[in-house]
Amino acid sequence: MNRVERHASFGGRQEVWKHQSTTLGCEMKFGVYLPPAAVEGQRCPVLYYLAGLTCNEQTFITKAGAQEHAARHGFILVAPDTSPRGPGVPNEDTYDLGEGAGFYLNATQAPWAQHYRMADYVAQELPTLIEQNFPATDARGIFGHSMGGHGALVTALRNPGRYRSVSAFAPVVAPSQVPWGQKAFTAYLGADVSAWKEWDAVELVATAQERLPILVDQGETDEFLRKQLRPELLEEACNAAGHPLTLRRHAGYDHSYYFIASFMADHFAHHARGL
């Protein structure tokens with residue numbers, strides 16, 4: 001790995017690293033915030049954040065204002081890119097498929113299958129790198145926004161015992177039922193909709209092997225609320241399965257990082273109860 005950025009922040013350090021990913025077959029970058037405790041050599045739990053469509057490793061670390069909360073709670077905070085990138089990695093001239101739109105799954109269809117394996121990268125390769133190269137414990141939490149909220153929910157639900165906490169801001173909860181997900185799943189996974197279920201939080205809740213409490217915040221003036229996000233579907237699925245869910249709706253808030261920053265402290269408090 002090679003460090004490409006380093007900034008002092010709230011007594012700790014915000015860094016950006018790059019490495020050659022064996023899972024994705026390309027160079028990847030991730031942001032990592034080391035709280036003061038970690039800078040001093042203390043082993044700390046790790047909170048992973050998955051960003052949304054069009055984002056990269058820079059978006060969250062520069063817009064969310066999360067470093068202050070990570071410093072206070074003593075969390076290492078990791079923010080990877082949203083997809084593989086670079087020469088030889090397939091892409092589309094659109095914001096919702098290809099680079100910047102990996103959907104945190106393992107693609108099975110050509111030409112995507114070789115590189116688009118973000119599920120394995122996020123749940124396996126990246127935590128191994130973090131725990132080998134930073135003063136990290138194996139206590140992990142995960143959260144995200146929009147497409148990344150989908151990724152956080154699905155990653156936690158598909159990997160019981162691997163995470164101690166999970167939350168999401170304005171997640172795509174049922175990608176099988178909304179245009180963003182249907183477009184991406186058709187390309188990455190093929191036309192067989194039965195194969196989509198293992199990457200859909202609403203479907204996975206019904207058979208979840210553990211009951212990690214889920215926190216979801218949703219702005220009521222979010223322009224994507226009714227067509228793409230549909231949090232009521234997750235609410236119905238959790239109620240049916242008896243899965244603990246706190247779904248908070250906020251009048252006047254949209255899909256932006258102004259919304260995310262407004263409720264970041266609550267999400268850190270939620271993860272602190274688990275970590």
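Owing to the predicted nature of the structure, the values given are computational and were not obtained by experimental measurement. (Residues numbered from 1 in each chain as written. Predicted model: local features only at pLDDT ≥ 70, side-chain atom pairs only at ≥ 80, totals over all residues. Heavy atoms only, no water.)

K.L.:
Sorry, what's going on with the side chain of N106 here?
P.N.:
With respect to the secondary-structure elements, N106 resides in the loop between strand 5 (76-80) and helix 4 (118-133). Here the side chain of N106 touches D120 through a polar contact of 3.0 Å, side chain to side chain. Non-local contacts of N106, meaning those with residues more than four positions away in its chain, are made with Y116, R117, M118, A119, D120, L189 and W199. (Helix = DSSP H or I, 4+ residues; strand = E, 2+ residues; numbered from the N terminus. Polar contact = N/O pair within 3.5 Å; in protein donor to acceptor, adjacent residues only side chain to side chain. Contact = heavy atoms within 4.5 Å.)

K.L.:
I tried to follow the sheet that holds strand 5 on my own but got confused; where do I start?
P.N.:
On the basis of which strands lie adjacent, the open sheet formed by nine strands has the order 1-2-3-5-4-6-7-8-9 and mixed pairing. The open sheet terminates on both sides in strands that have one partner only, identified here as strand 1 (2-9) and strand 9 (245-250). Strand-to-strand twist across the sheet, computed as the mean angle between neighbouring axes with direction ignored, equals 20 degrees. Docked against the sheet, helix 9 (residues 231-241) engages strand 8 (214-219) and strand 9, running at close to 155 degrees with respect to strand 9. (Pairing = 2+ DSSP bridges. Axes fitted to C-alpha atoms, helices over the stretch in contact; angles between N-to-C directions.)

K.L.:
Would you mind showing me how to read unusual backbone geometry here?
P.N.:
Trans peptide bonds make up the majority, and among non-glycine residues the majority have a negative phi. Omega for the bond connecting A110 with P111 falls within 30 degrees of zero, at 0 degrees, which places this linkage in the cis form. A positive phi angle is found at F10, which is not glycine, with a value near 50 degrees. Summarising the element assignment, F10 is placed in the loop between strand 1 and strand 2 (12-21).

K.L.:
Looking at this structure, how should I read the environment of L105?
P.N.:
Looking at where L105 falls in the secondary structure, it is placed in the loop between strand 5 and helix 4. Judged by relative accessible area, which is 0%, L105 ranks as buried. Residues L105 and E198 lie 93 residues apart in sequence; the distance between their C-alpha atoms is 9.4 Å. (Buried < 20%, exposed > 50% of the residue type's maximum accessible area, 1.4 Å probe, protein only.)

K.L.:
Would you take a moment to explain the nonpolar core for this structure?
P.N.:
When a protein is soluble and globular, its nonpolar side chains tend to lie buried together. Of all hydrophobic cores here, the largest spans 94 residues; its most connected members are F60, F103 and Y188. Per-element tally for this core: the top contributor is helix 4, with seven residues. If we ignore the near neighbours within four places in the chain, the residues touching Y188 are L97, G98, A101, G102, F103, L105, A107, T108, Q109, W112 and Y116. (Core = buried A, V, L, I, M, F, W, Y, C linked by side-chain atoms within 4.5 Å.)

K.L.:
Help me understand the state of the cysteines in this model?
P.N.:
A covalent bond between the sulfur atoms of two cysteines is referred to as a disulfide. Evaluation of the coordinates by the stated rule reveals zero disulfides. Of the cysteine sulfurs around C55, a residue in no disulfide, the closest is that of C26, at 17 Å. Residue classification places C55 among the buried residues on the basis of a relative accessible area of 8%. (Disulfide = S-S within 2.5 Å.)

K.L.:
What's the story with the pattern of salt bridges in this structure? I'm lost.
P.N.:
Between side chains of opposite charge, pairing is possible as soon as their charged atoms come close. Counting across every chain of the model gives 12 salt bridges. One salt bridge in this structure joins D120 and R117, with 3.0 Å as the shortest N-O distance. Judged by its relative accessible area of 26%, R117 is partly exposed. A salt bridge links R230 to E232; the nearest nitrogen and oxygen atoms lie 3.3 Å apart. For R230, a relative accessible area of 25% corresponds to the partly exposed category. The exposure class assigned to E232 is partly exposed, which follows from its relative accessible area of 28%. By sharing partners, the salt bridges in this structure join R3, R6, R13 and E15 into a single network. (Salt bridge = Lys/Arg side-chain N within 4 Å of Asp/Glu carboxyl O.)

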